[in-house]
Amino acid sequence: MRNGDEPTLAEQNRPTWDEAERLAALRRYGILDTPPEVEFDDVVRIAAHVCGAPISVVNLIDDQRQWFKAETGLGVRETPLDVSICAQAILQLGLFVVPDTTKDPRFNCNPLVTGEPHLRFYAGALLETPERLPLGTVCVLDYKPRELTDEQAFTLQALARQVMAHLELRRTVEEAQRRAAEAQRYAEQLQALARAAVRVTEAEALEVTIQEIADTAREIVGTHQSIVSLARGPDWNQALSSVSLPDKYKAFQSFAKPPDGLGIDTLVCETNGPIRLTQAELETNPRWNSFSPKGRNHPPVGGWLAAPLIAKNGQKLGLVQLSDKKDGTEFGEGDEAVLVQLAQLAAAAVEHAATEAKRHEAEERQRLLIRELHHRVRNTLATVQSILGTTARTSRTVEEFYRAFSGRIESLARTHMLLTEDLWQVTTLREILETELQPYRNTGIERIRLEGPDVELASEVAVPLGMAIHELTTNAARFGALSVWGGRLDVVWRVMRAEQVVLHLEWTERGGPVVKAPEEEGFGSRVIHRVLAAQADAKVTMDFDPSGLRVVIHVPLRAPDKAGSGP
């Protein structure tokens, strides 16, 4: 009868290690499923010879099987774990001996004992790591009950120690080779990084720069996917992105969705440092899950490595992201170190490209302003000359000439002032109208209505149209709706888009003196009809209805030339 303080058989056999740790240690040696090697074959031959046993095995206990690195007398390389005697042996300390398996309750029902090959004797010496994790045994088996001598037991344990020493040496050599290969790869990456620095810094445009960075990152680290994104401000929706993908991902070549400030990429911007995630870590990260609905349009991923692009002043410029290594492995410390260096290079290149872009933009704007100045001076002098001649011919007295000429020159000056106040030499139709009509709006009653969308006018349209509006305003103030207290003026415009963009403007007077068509064409009519047509390709119709003048102007528009306004 067992004493109450004595451990039970189950308690004695309870392992003191974790099975997951044991299996991980076994796999680190990289020995499973390797071909036969003479060093291990010699061990089983010596064990069988010294112990006088027909069967000898170097076996390793996997999760579902026992696998034989070397064997003699069995003729197989593995057996299921449920018939393994060695699976029990690794639960014991030191040398495990079963003199007669038919008398041991743990094995007397084992099919290898009750049936072929009728194993009756087992002795196994533990293969144990320096961390005391059991991997398997060096064992001998016999068809008859027996014992081991002290010399045989010592030899079996010594052979087990030799097997472990060889496994440790093997792992050390492989680790050294791996580190040497990593060092070689790192050296090659640094050389590639140096070559890339030349290409990146020579890129002429910002878009070319970040595409070069994306291609370089994918090439140097060895991935199938690389994305470089620059944030133009706090709103990531305005990001500028470049994607680098191989032919393997042809179906995703058009993928260029920039970050939206909500996904996994924001981790980099929050920590201001590199982040490396395995595929398992990526899939369980909640910010990656928030990206999953877009996964159908996203290239496949395999792990994730990202680093921020940081300017010299600490400003976050964007980030570079990598995924899906070509060799199928997860990203390592070496990959991260290379990407951080590339990100530093990329940040400097981006700042340089942005500076160059601003310089080119300033130079182009200066050239544009000089051309505009030359053009404006020539046109203005020609316009002044025309105003002078026509006003002189239509004026009856010096006072009338002075008043008309001064008013027209002032109108021309106001339009030029509106143009020169704007950065890109444009003004709006509403500004021209309000500038001309302002003196007639402060009368205590609402007599002028302006209605229409914001329309930008380039100088070649603004100047002649401004002169025409001045002539219409002057005529309305002297003879039309603005010359009497109860007169009204409606100016309504809209933009029509068909084959070309056209400004449609209607000038309608009412409540003024009775309107009569002029007997001869004055300067105002010439400006409205001829100057607008010649300088702005406009079409004008004038209706001298007795109840009030109505003028309709159609002016083709073009987008103002904002040189250097790229990203």
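The structure we're discussing is the one just above.
Residues numbered from 1 in each chain as written. Predicted model: local features only at pLDDT ≥ 70, side-chain atom pairs only at ≥ 80, totals over all residues. Heavy atoms only, no water.

**Description of the overall build of the chain**
Then comes step 1: Of regular secondary structure, the chain possesses 15 helices and 18 strands.
Then comes step 2: Counting across all 567 residues of the chain, residues that qualify as buried make up 45%.
Then comes step 3: Partitioning the intrachain contacts of the chain with sequence separation of at least 6 by distance along the chain shows that 63% fall at a separation of at least 24.
Then comes step 4: Surface accessibility of the chain: about 29800 Å² in total, with carbon and sulfur atoms responsible for 53%. (Helix = DSSP H or I, 4+ residues; strand = E, 2+ residues; numbered from the N terminus. Buried < 20%, exposed > 50% of the residue type's maximum accessible area, 1.4 Å probe, protein only. Contact = heavy atoms within 4.5 Å. Areas by Shrake-Rupley, 256 points an atom, 1.4 Å probe, with all protein chains shown as cover.)

**Structural notes on the side chain of Thr137**
Then comes step 1: Here Thr137 is to be found in strand β6 (residues 134–142).
Then comes step 2: Side-chain polar atoms of Thr137 contact the side chain of Asn59, separated by 2.6 Å.
Then comes step 3: What Thr137 contacts, discounting residues up to four positions off in sequence, is Val57, Val58, Asn59, Cys86, Ala89, Ile90, Tyr122, Gly124, Ala125, Leu126 and Leu127. (Polar contact = N/O pair within 3.5 Å; in protein donor to acceptor, adjacent residues only side chain to side chain.)

**Thoughts on the sheet that holds strand β11 (residues 316–325)**
Then comes step 1: In spatial order, the strands read β8-β7-β11-β10-β9; together these five strands make up an open sheet with antiparallel pairing. Single-partner strands in this sheet number two, and they are β8 (240–244) and β9 (275–277). Averaged over all pairs of adjacent strands, the angle between strand axes in this sheet comes to 10°, irrespective of strand direction.
Then comes step 2: Bridge analysis of strand β7 (residues 223–230) against β11 gives seven bridges, and the strand direction is antiparallel. Note on β11: the bridge partner recorded for Ser226 is Leu322.
Then comes step 3: Strands in contact with helix α7 (residues 206–221) are β7, β8 and β11; relative to β8, the strand with the most contacts, it is inclined by about 35°. (Pairing = 2+ DSSP bridges. Axes fitted to C-alpha atoms, helices over the stretch in contact; angles between N-to-C directions.)

**A look at the pattern of salt bridges**
Pairing between side chains of opposite charge can happen when the charged atoms of each approach one another.
Then comes step 1: Under the defined criterion, the tally for this structure stands at 22 salt bridges.
Then comes step 2: Arg106 is the salt-bridge partner of Asp104, the closest N and O atoms lying 2.9 Å from each other.
Then comes step 3: Classification of Arg106 as partly exposed rests on a relative accessible area of 31%.
Then comes step 4: The partner of Arg550 in a salt bridge is Glu506, with the nearest N and O atoms 3.4 Å apart. Of this pair, Arg550 sits in strand β18 (residues 548–556) while Glu506 sits in strand β16 (residues 501–510), and the two are 44 residues apart along the sequence.
Then comes step 5: On the accessibility criterion, Arg550 (33% relative accessible area) is partly exposed. (Salt bridge = Lys/Arg side-chain N within 4 Å of Asp/Glu carboxyl O.)

**Brief notes about the environment of Ala306**
Then comes step 1: Within the element layout of this structure, Ala306 appears in strand β10 (residues 304–310).
Then comes step 2: When neighbours within four sequence positions are excluded, Ala306 is seen to be in contact with Val268, Pro274, Ile275, Leu319, Val320, Gln321 and Leu339.

**Focus: helix α3 (residues 38–51)**
Then comes step 1: If you check α3, its first and last C-alpha atoms are 20 Å apart, about what 14 residues at 1.5 Å a residue would give, namely 20 Å.
Then comes step 2: Residues of α3 that are buried: Phe40, Asp41, Val43, Val44, Ala47, Ala48 and Cys51. Looking straight down α3, one finds that the buried residues subtend no more than 155° of arc, so they occupy a single side. Facing away from the buried side of α3 by more than 90 degrees, the exposed set consists of Val38, Arg45 and His49.
Then comes step 3: Count one or two residues on from α3 and you reach Gly52, which has phi positive near 60°. (Expected span 1.5 Å × (residues − 1). Arc of directions from axis to C-beta.)

**Concerning unusual backbone geometry**
Then comes step 1: Each neighbour pair has its own omega, and for Glu116 with Pro117 the value is 10°, a cis peptide bond.
Then comes step 2: Within the secondary structure, Pro117 sits in the loop between α5 (111–114) and β5 (121–128).
Then comes step 3: Phi at Asp33 takes a positive value of approximately 60°, unusual for a residue other than glycine.
Then comes step 4: As for its position among the elements, Asp33 is in the loop between α2 (19–28) and α3.
Then comes step 5: Residue classification places Asp33 among the exposed residues on the basis of a relative accessible area of 52%.
Then comes step 6: Of note, the phi angle at His118 is positive, near 60°, even though the residue is not glycine.
Then comes step 7: Mapped onto the elements of the fold, His118 is located in the loop between α5 and β5.
Then comes step 8: Judged by its relative accessible area of 36%, His118 falls in the partly exposed class.

**A few points about the packing of aromatic side chains**
Then comes step 1: Across all of its chains, the model carries two aromatic pairs by this definition.
Then comes step 2: Taken together, a centroid distance of 6.0 Å and an interplanar angle of 55° make the contact between Phe96 and Tyr122 tilted. Here Phe96, found in strand β4 (residues 95–98), pairs with Tyr122, found in strand β5; they are 26 residues apart in sequence, far enough to count as distant.
Then comes step 3: Here the aromatic cluster, defined as three or more aromatic residues joined through ring pairs, consists of Phe96, Phe107 and Tyr122.
Then comes step 4: Across the ring face of Phe121, the terminal group of Arg146 is positioned such that the distance to the ring centre comes to 5.0 Å. (Phe/Tyr/Trp six-rings, centres within 6.5 Å; stacked < 30°, edge-to-face > 60°. Lys NZ or Arg CZ within 6 Å of the ring centre and 35° of its normal.)

**With respect to the sheet that holds strand β13 (residues 448–451)**
Whenever strands of a sheet pair, they do so through backbone hydrogen bonds, lying parallel or antiparallel.
Then comes step 1: Across the sheet, five strands lie side by side as β13-β15-β16-β18-β17; this open sheet has mixed pairing. Because the sheet does not close on itself, it has two edges, and the strands there are β13 and β17 (539–545). Put simply, the sheet's adjacent strands are angled 10° from each other on average, direction ignored.
Then comes step 2: Sheet topology note: the β17/β18 ladder contains seven bridges and is antiparallel. The partner of Asp543 across the bridge, within β18, is Arg550.
Then comes step 3: In the packing of helix α13 (residues 429–437) onto the sheet, the strands contacted are β13, β15 (488–497) and β16, and the crossing angle to β13 comes to about 170°.

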